[in-house]
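If you want the building blocks of each chain, they are given just below.
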Amino acid sequence: MHVVIVGSGIAGLTAAIRASARHDVTLVTKGALADSATAYAQGGVAVALGADDSSSLHQADTHVAAAGSADARAVEVLCTDGPARVRDLLSLGVPFDRTADASSLDRHGDDLARGREAAHGRWRVVHADGDATGAAIERTLIDALHRRHVTILERTCLTDLVVRDGAVFGVDVLDLLGEPRRLDADAVLLASGGAGHLYRETTNPLVATGDGVAAAWRAGAVLADLEFVQFHPTRLAVSGGGLVSEAVRGEGAVLRDARGRRFMTDVHPDAELAPRDVVARGIAAAVRDQGGEPVLLDATGLDAGFLVRRFPGLTRATRAAGFDWTREGVPVSPAAHYSMGGIATDAEGRTSLPGLLAVGEVACTGVHGANRLASNSLLEGLVFAVRAADALDATRPRRLRLRGDAGLHVTTVSSAADVIRSSPHLLGRHAAPQAPQRAGTGRRGPSPTLPGGADRRTDVTDVRQAVQSVMTDRVGLLRDATGLATARRELDALRVADPAGVRDHEDRALLDLARVVALAAETRTESRGAHARTDHPDTDPTAPASYAWVAQHAAVPQEVPA
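These figures come from a predicted structure and were not determined experimentally.

1. Observations regarding the overall build of the protein
Along its length, the protein carries 14 helices and 21 strands. Every one of the 562 residues in the protein was classed for burial, and the buried ones make up 62%. Of all intrachain contacts in the protein linking residues separated by at least 6 positions in sequence, the fraction that spans at least 24 positions is 72%. With the model as given, the accessible surface of the protein reaches about 20000 Å², and the carbon-plus-sulfur share is 50%.

See the structure below:
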């Protein structure tokens, strides 16, 4: 079997390594092999390995952070498979930090150094090189990949999926020279990450433009939970500032307003270690109350030597920005960080389209619900990549549990502005067959129009800048009906010219995805986890855990069997 894997973060690399033992694997990545969100991950991997911890405790914390919306089966898989997957990393040689501290050795039963992050009830976040865990994992996995027989295509951009007779049979890409190329495949596994660049301020790398989710949308895959976008509370609030790990707060750093007051104690009983959505909104309120001035992350209460040793990368970053964080607070503000939603999958990465699998941030298993627990993302990439790679050999089930629900409520979207049909049903069981055709146009035809009529978008000087402005101002940390309706009109007015180069295809992906994210946010008329509506501040216990979407213009009928 020839398998094309798109993406070279922890999920894509793990899937490629695992699948290469039995299949012919081609790995496609838009940048260099090491260009992924994984390399930016600072805090570590949350995993119940210690003697004082358990899978059930990890599951409980994950559900609390998820605001009651996580799929129980996906959470169980994550937390029970997790220890074995982290032991795999140890076997490959990932240099997780160690400790000789007697109390830690006694509590955990091993010498792995652990951190604690928001909403975790145990010290369970294992880390490497202090605050460079993702980079250490990425290097180790790339070394392991090079020892396998895998074809690697760097600087190769996914433009569309190839669909024939109701199934995915390959990908269209722009190669290293910017030329269109088709890669045929027996299966395609998307591990292409998220879409942080929907927003002006993000912790994500430049490659995070939602290419995989948007391509799946155009191909007719079901998407879910798109309204749930996590904003990390603490991005260094300077030009080009990066993430300041939650682990810093786990070690004892606090947040202070302009008067020096520790304000999070008034917001939540767990203060700085409340779930990320709570802390992000708490910071936003403090910034608003002080006229837009950033709040300060104060780590001066920690021993200076410990701070430098534990967080060497952040020490360099804060110094480069002109701060000595051993002596003074550093300005921080929330930034787009992670998409809980994505391509709806089952626990083995299977999607509504035969031949297409998805893992990592591009996917939505339901494991994160409405808000991801800190440091569960690297674990998710590991766990579900292995399961998806193993599922390549398995017969596709007659009944899929997409996002954990065989009866997932799916809305069919006819245009950028309209929802024409909404009914709880088994995906496509009652859908009329559509003529199979290729999904998307690549460089060979006009840019795709959203269904329901002529393309009414208009040219703008910079589509990406326009999308980011709309999403940041109207579909950001705080939302309301007026802003969301305006956002949908403004997004519908935008146009991407016939995509030619990589940036054009990225802009098309961002616009396609922005439209359906705004629709999802408008549809959920409650506040839940990362989705905060100022006009609907309460959680509605009768609201569905998940809203899912499929495009009527899909090239293939939705196939989730009876």
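2. Side note on the nonpolar core
Counting residues in each nonpolar core, the largest one holds 60 residues, and the members touching the most others are Leu161, Leu190 and Leu198. With ten residues, the top contributor of residues to this core is helix H14 (residues 502-523). With 53 residues, the next largest nonpolar core counts Val47, Ala74, Leu78 and Ile142 among its residues.

3. Comments concerning the sheet that holds strand E14 (residues 295-298)
The four strands are arranged E12-E15-E14-E13 in an open sheet whose pairing can be described as antiparallel. Of all the strands in the sheet, the pair left with one neighbour each is strand E12 (229-236) and strand E13 (254-256). Direction aside, the axes of adjacent strands within the sheet are offset by 45° on average. Of the pairings in the sheet, the one linking E13 to E14 comprises three bridges and is antiparallel in character. Its bridge partner being in E14, Val254 is matched across the sheet by Asp298.

4. Focus: the side chain of Ser375
One can find Ser375 in the loop between strand E18 (363-364) and helix H11 (377-391). Separated by 3.3 Å, the side chain of Ser375 and the backbone oxygen of Gly44 make a polar contact. A polar atom in the side chain of Ser375 sits 3.0 Å from the side chain of Glu117.

5. Describing the environment of Ala34
Within the element layout of this structure, Ala34 appears in the loop between strand E2 (24-28) and strand E3 (45-46). What makes Ala34 partly exposed here is its relative accessible area of 37%. C-alpha separation for the pair Ala34 and Ile142, spaced 108 residues apart in sequence, amounts to 7.7 Å. In contact with Ala34, not counting residues within four places along its chain, are Ala39, Glu138 and Ile142.

6. A look at the packing of helix H2 (residues 55-65) against helix H3 (residues 72-92)
Direction vectors running N to C along H2 and H3 enclose 135°, while the axes themselves pass 9 Å from each other. As judged from the angle between their axes, H2 and H3 are oblique. Crossing of H2 over H3 shows right-handed handedness. The segment H2 lies against H3, with Ser55, His58, Gln59, Thr62 and His63 engaging Ala72, Val75, Glu76, Cys79 and Thr80. Taken together, the residues that form the contact of H2 with H3 break down as three nonpolar, six polar and one charged.

7. Digging into the pattern of salt bridges
Under the counting rule described, the total for this entry stands at 44 salt bridges. Two residues, Glu348 and Arg387, come together in a salt bridge whose shortest N-O distance is 2.5 Å. Here Glu348 is found in the loop between strand E16 (342-344) and strand E17 (356-358), whereas its partner Arg387 is found in helix H11, with 39 residues between them in sequence. Each member of the pair, Glu348 as well as Arg387, carries the same accessibility label: buried. Among the charged side chains, a network of salt bridges with common partners joins Lys30, Asp211, Arg464, Glu506 and Asp507.

Reading guide: rules and limits
All chains use their own residue numbering, which begins from 1 and follows the written sequence. pLDDT decides what is reported in this predicted model: residues at 70 or higher carry local features, side-chain atom pairs at 80 or more are listed and counted, and totals for whole chains, interfaces and linings draw on all residues regardless. Side-chain calculation: all heavy atoms of the structure are included, whereas hydrogens and water are not. Runs of H or I in DSSP of at least four residues are treated as helices and runs of E of at least two as strands, each being numbered from the N terminus. Each residue is placed in one exposure class: buried if its accessible area under a 1.4 Å probe, protein chains only, is under 20% of its type's maximum, exposed if it is over 50%, and partly exposed if it falls in between. In this description, contact between two residues means that some pair of their heavy atoms is separated by no more than 4.5 Å. Methods summary: accessible areas were calculated by the Shrake-Rupley approach with a probe of 1.4 Å, and residue burial reflects only the protein chains presented. Among buried residues, those of type Ala, Val, Leu, Ile, Met, Phe, Trp, Tyr and Cys that are joined through side-chain atoms within 4.5 Å constitute a nonpolar core. Paired strands are those between which DSSP finds at least two bridges. Here an angle of 0 to 180 degrees is reported between the N-to-C directions of two axes, which are lines fitted to C-alpha atoms, with helices fitted over the stretch in contact. Polar contact is the term for a pair of N or O atoms within 3.5 Å; when the atoms are in protein, one must be able to donate a hydrogen and the other to accept it, and sequence-neighboring residues count only if both atoms are side-chain atoms. Orientation labels follow simple angle bins: below 35 degrees gives roughly parallel, above 145 gives roughly antiparallel, 65 to 115 gives roughly perpendicular, and whatever is left gives oblique. Crossing handedness follows the turn of the near helix against the far one: under a right angle anticlockwise gives a left-handed crossing, and clockwise gives a right-handed one. Each residue gets one label: Ala, Val, Leu, Ile, Met, Phe, Trp, Tyr, Cys and Pro are nonpolar, Asp, Glu, Lys and Arg are charged, and the others, such as Gly, are polar. Any carboxyl oxygen of Asp or Glu that lies within 4 Å of a side-chain nitrogen of Lys or Arg is treated as forming a salt bridge with it.

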